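# Report on the structure
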Amino acid sequence: MAGAGLRAAARRWLLCGGHGGPRAASTSPSCPGCGPPGPGAHCPSTPRSAPADSADLSAHLWARYQDMRRLVHDLLPPEVCSLLNPAAIYANNEISLSDVEVYGFDYDYTLAQYADALHPEIFNAARDILIEHYKYPEGIRKYDYDPSFAIRGLHYDIQKSLLMKIDAFHYVQLGTAYRGLQPVPDDEVIDLYGGTQHIPLYQMSGFYGKGPSIKQFMDIFSLPEMALLSCVVDYFLVHGLEFDQVHLYKDVTDAIRDVHVKGLMYQWIEQDMEKYILRGDETFAVLSRLVAHGKQLFLITNSPFSFVDKGMRHMVGPDWRQLFDVVIVQADKPNFFTDRRKPFRKLDEKGSLHWDRITRLEKGKIYRQGNLFDFLRLTEWRGPRVLYFGDHLYSDLADLMLRHGWRTGAIIPELEREIRIINTEQYMHSLTWQQALTGLLERMQTYQDAESRQVLATWMKERQELRCITKALFNAQFGSIFRTFHNPTYFSRRLVRFSDLYMASLSCLLNYRVDFTFYPRRTPLQHEAPLWMDQLCTGCMKTPFLGDMAHIR
């Protein structure tokens with residue numbers, strides 16, 4: 001078991017420098033393995049003093065490097081991998097399901113999970129609309145959808161035609177900026193933003209991910225949109241054609257919108273639900289289980305009733321509406337959450353609108369549009385006893401959490417694949433060694449002779465290579481949707497802010513009791529865990545953190 005390997009590593013730590021109990025942390029870099037020596041202090045596992053000669057200093061640094069290599073090897077036995085469960089639910093905030101009386105759901109990519117085969121269909125249809133209706137060059141038709149190109153959460157600078165990944169601190173991750181299908185050199189990116197990687201908040205985005213000139217692509221349907229946008233820009237650049245960047249962006253987004261507005265996507269799914277809809281039996285199991293435990297359910301979706309009805313009949317059966325206390329279609333989220341002016345309208349079985357005033361929301365009936373304020377007034381479902389699930393952090397979750405105090409659950413299908421990568425031995429060893437090497441760089445930078453600086457430069461180069469390798473495990477162009485090299489992504493920042501829980505699919509609920517309490521892991525703040533792994537190997541620490549090190553990711 002992984003725990004046995006970690007316990008063995010902890011015993012080695014104690015034998016190395018712990019003297020059978022915690023050792024007081026040094027307040028200055030006085031250990032030879034941690035920095036310049038000071039009077040009267042040393043680690044039992046290292047020489048009493050650092051050599052004075054520059055050549056000997058270089059050998060000393062490389063000795064520390066090899067010590068760290070051995071520690072990482074001992075710390076991560078093969079069985080330490082596969083620690084994370086792709087079917088688990090992860091908590092940003094403490095929440096007890098026993099307090100939740102009402103469950104709400106979005107439809108697309110929440111109740112209904114779609115196969116990736118849908119993306120090339122959207123790409124091809126929008127590409128053909130650009131050519132046939134917007135009169136774009138016929139040569140664009142040679143481009144096919146590349147599922148490995150983009151990831152969710154990227155930003156697009158409309159004025160600069162740049163698709164890029166930005167971290168939680170508004171910095172562009174260098175090496176992840178693309179114009180068309182080609183990477184933009186780091187120096188050029190920095191020049192484009194006035195000599196910095198930082199993008200000011202007012203340019204980044206408004207409340208729903210749209211700034212004056214930068215858009216964030218937040219939903220899964222945006223993957224074919226990013227791919228098409230990049231392909232069209234690539235065509236114009238390769239052929240030396242002048243174009244207005246704003247017009248091109250608007251035309252591509254309008255073409256993608258037309259695929260949805262004209263109902264093309266709905267038609268493809270309805271014609272072959274076995275191909276496009278995934279985990280329908282698990283959706284049925286989740287809903288049935290909640291109802292069996294006395295929970296009330298509601299559905300709020302932007303999709304039309306005829307489409308939702310066919311999909312739910314496929315997943316749940318003809319009586320699916322009996323599971324829901326309220327069903328609202330074509331809700332126009334996120335405006336549904338903020339615009340008080342649109343009243344609810346009742347739909348009949350044929351989809352025809354009724355004109356009568358809605359004074360209550362009845363079980364088994366279908367309602368269109370409306371607004372959240374009337375919804376709250378008519379149902380009296382308020383605050384933390386309501387848990388709503390959706391895939392779009394802005395359109396589905398942001399208003400509900402920040403303005404109305406509902407509990408929220410984010411459906412992140414990419415999570416399953418990312419966890420499987422995190423669980424690989426290659427990732428675990430690469431990242432842990434990267435962290436250890438970073439600690440060495442910070443601690444050893446006090447050595448500033450020429451030989452030592454050369455060693456540190458070699459380590460810095462190795463660290464950058466490790467970061468690129470780790471990034472490419474997730475996506476060759478943009479890496480993980482959750483992290484830049486070390487910081488959380490802007491997407492991650494929004495995920496933590498707008499969701500109490502997140503999971504790969506709704507079916508993850510089947511792994512937990514309906515009264516289960518989710519507790520978020522206590523992630524150390526920088527001042528709470530100031531030690532690097534080079535201090536672990538010397539014993540210069542107050543408490544052994546080896547157990548925590550196994551969860552580095």
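Residues numbered from 1 in each chain as written. Predicted model: local features only at pLDDT ≥ 70, side-chain atom pairs only at ≥ 80, totals over all residues. Heavy atoms only, no water.

## Observations regarding the packing of helix H15 (residues 425–444) against helix H16 (residues 450–474)
Where H15 contacts H16, the axes come no closer than 9 Å and their chain directions differ by 150°. By the angle class used here, H15 and H16 are roughly antiparallel. Crossing handedness for the pair H15 and H16: left-handed. Residue-level inspection shows Gln426, Tyr427, Ser430, Trp433, Gln434, Leu437, Thr438, Leu440, Leu441 and Met444 of H15 in contact with H16, the latter providing Leu456, Trp459, Met460, Glu462, Arg463, Leu466, Arg467, Ile469, Thr470, Leu473 and Phe474. (Axes fitted to C-alpha atoms, helices over the stretch in contact; angles between N-to-C directions. Helix = DSSP H or I, 4+ residues; strand = E, 2+ residues; numbered from the N terminus. Parallel < 35°, antiparallel > 145°, perpendicular 65-115°, else oblique. Left-handed = near helix turned anticlockwise from the far one by under 90°. Contact = heavy atoms within 4.5 Å.)

## Let's talk about unusual backbone geometry
Cis geometry is found at the peptide bond from lysine 333 to proline 334, where omega equals 5°. As for its position among the elements, proline 334 is in the loop between strand E12 (326–329) and strand E13 (344–347). Residues other than glycine seldom take positive phi values, yet glutamate 380 does so here, at roughly 60°. Along the chain, glutamate 380 turns up in the loop between helix H12 (372–379) and strand E15 (386–390).

## Describing the packing of aromatic side chains
Under the counting rule described, the total for this entry stands at 37 aromatic pairs. Between phenylalanine 149 and phenylalanine 478 the ring centres are 5.7 Å apart and the planes differ by 85°, which places this aromatic pair in the edge-to-face class. Placement of the pair is phenylalanine 149 in the loop between helix H3 (118–132) and strand E5 (155–157) and phenylalanine 478 in the loop between H16 and helix H17 (490–498), with a sequence separation of 329 residues. Each member of the pair phenylalanine 149 and phenylalanine 478 is classed as buried. Members of the aromatic cluster, each reached through a chain of ring pairs, are Phe298, Phe375, Trp381, Tyr388 and Trp406. (Phe/Tyr/Trp six-rings, centres within 6.5 Å; stacked < 30°, edge-to-face > 60°. Buried < 20%, exposed > 50% of the residue type's maximum accessible area, 1.4 Å probe, protein only.)

## Points about the confidence of the model for the protein
Mean pLDDT over the protein works out to 86, with 84% of the residues at or above the 70 mark. Segment residues 1–48: pLDDT under 50, and 87 contacts once partners within four positions in sequence are set aside and those in other chains are kept. Confidence over residues 537–553 falls short of pLDDT 50; this stretch has 56 contacts with residues more than four positions distant or in other chains. (pLDDT = per-residue confidence, 0-100.)

## Considering the pattern of salt bridges
On inspection of all chains with the given rule, the structure shows 32 salt bridges. Across the pair arginine 385 and glutamate 101 runs a salt bridge, and its minimum N-O distance is 2.7 Å. Taken together, the residues arginine 385 in the loop between H12 and E15 and glutamate 101 in the loop between strand E2 (95–96) and strand E3 (102–105) connect sequence positions 284 residues apart. Exposure remark for arginine 385: the relative accessible area of 25% places this residue in the partly exposed category. Ionic pairing is found between aspartate 144 and arginine 127, a salt bridge with its closest N-O pair at 3.8 Å. With aspartate 144 in the loop between H3 and E5 and arginine 127 in helix H3, this pair connects stretches of sequence that are 17 residues apart. For aspartate 144, a relative accessible area of 56% puts it in the exposed group. (Salt bridge = Lys/Arg side-chain N within 4 Å of Asp/Glu carboxyl O.)

## Thoughts on the UniProt feature "binding site: Mg(2+)" (unreviewed entry) in the protein
As recorded in UniProt, the feature "binding site: Mg(2+)" (unreviewed entry) lies at Asp106 and Asp391. Spatially, the listed residues are clustered: although they cover 286 residues, their C-alpha atoms lie within 7.7 Å of one another. Its place among the elements puts aspartate 106 in the loop between E3 and strand E4 (113–114). Setting aside anything within four residues of it in sequence, one finds aspartate 106 in contact with Leu111, Leu299, Ile300, Thr301, Lys333, Tyr388, Phe389, Gly390, Asp391 and Asp396. For aspartate 106, the side chain forms a polar contact with the side chain of lysine 333, separated by 2.9 Å. By secondary structure assignment, the location of aspartate 391 is in the loop between E15 and helix H13 (393–402). The exposure class assigned to aspartate 391 is buried, which follows from its relative accessible area of 5%. The contact partners of aspartate 391, leaving out residues within four places of it in the chain, are Asp106, Asp108, Tyr109, Thr110, Arg152, Asp219, Ile220, Asp396 and Ile411. (UniProt positions renumbered as here; feature names shortened; annotations may be inferred. Polar contact = N/O pair within 3.5 Å; in protein donor to acceptor, adjacent residues only side chain to side chain.)

## Things to note about the UniProt feature "binding site: GMP" (unreviewed entry) in the protein
If you check UniProt for "binding site: GMP" (unreviewed entry), the listed places come out as Asp108 in our numbering. The residue aspartate 108 is located in the loop between E3 and E4 in this model. Exposure remark for aspartate 108: the relative accessible area of 11% places this residue in the buried category. Not counting the four nearest positions on each side in its chain, aspartate 108 is found in contact with Tyr114, Phe221, Thr301, Ser303, Phe307 and Asp391.

## As for the nonpolar core
One recurring pattern in soluble globular proteins is that nonpolar side chains are buried together. In this structure, Phe105, Tyr107, Tyr114, Phe298, Met312, Phe324 and Phe375 are the most contacted members of the largest nonpolar core, which totals 144 residues. Top contributing element to this core by residue count: helix H6 (residues 222–238), with 10 residues. Those residues in contact with phenylalanine 298 that lie beyond four places of it in its chain are Val102, Tyr103, Gly104, Phe105, Phe324, Val326, Phe375, Trp381, Val386, Tyr388 and Trp406. Counting residues in hydrophobic clusters, the runner-up holds 19 residues, among them Leu57, Leu71, Leu76 and Leu440. (Core = buried A, V, L, I, M, F, W, Y, C linked by side-chain atoms within 4.5 Å.)

## Quick look at helix H11 (residues 305–315)
Taken together, the buried positions of H11 are occupied by Phe305, Phe307, Val308, Asp309, Gly311, Met312 and Met315. The first or second residue beyond H11 is glycine 317, which carries a positive phi of 125°.

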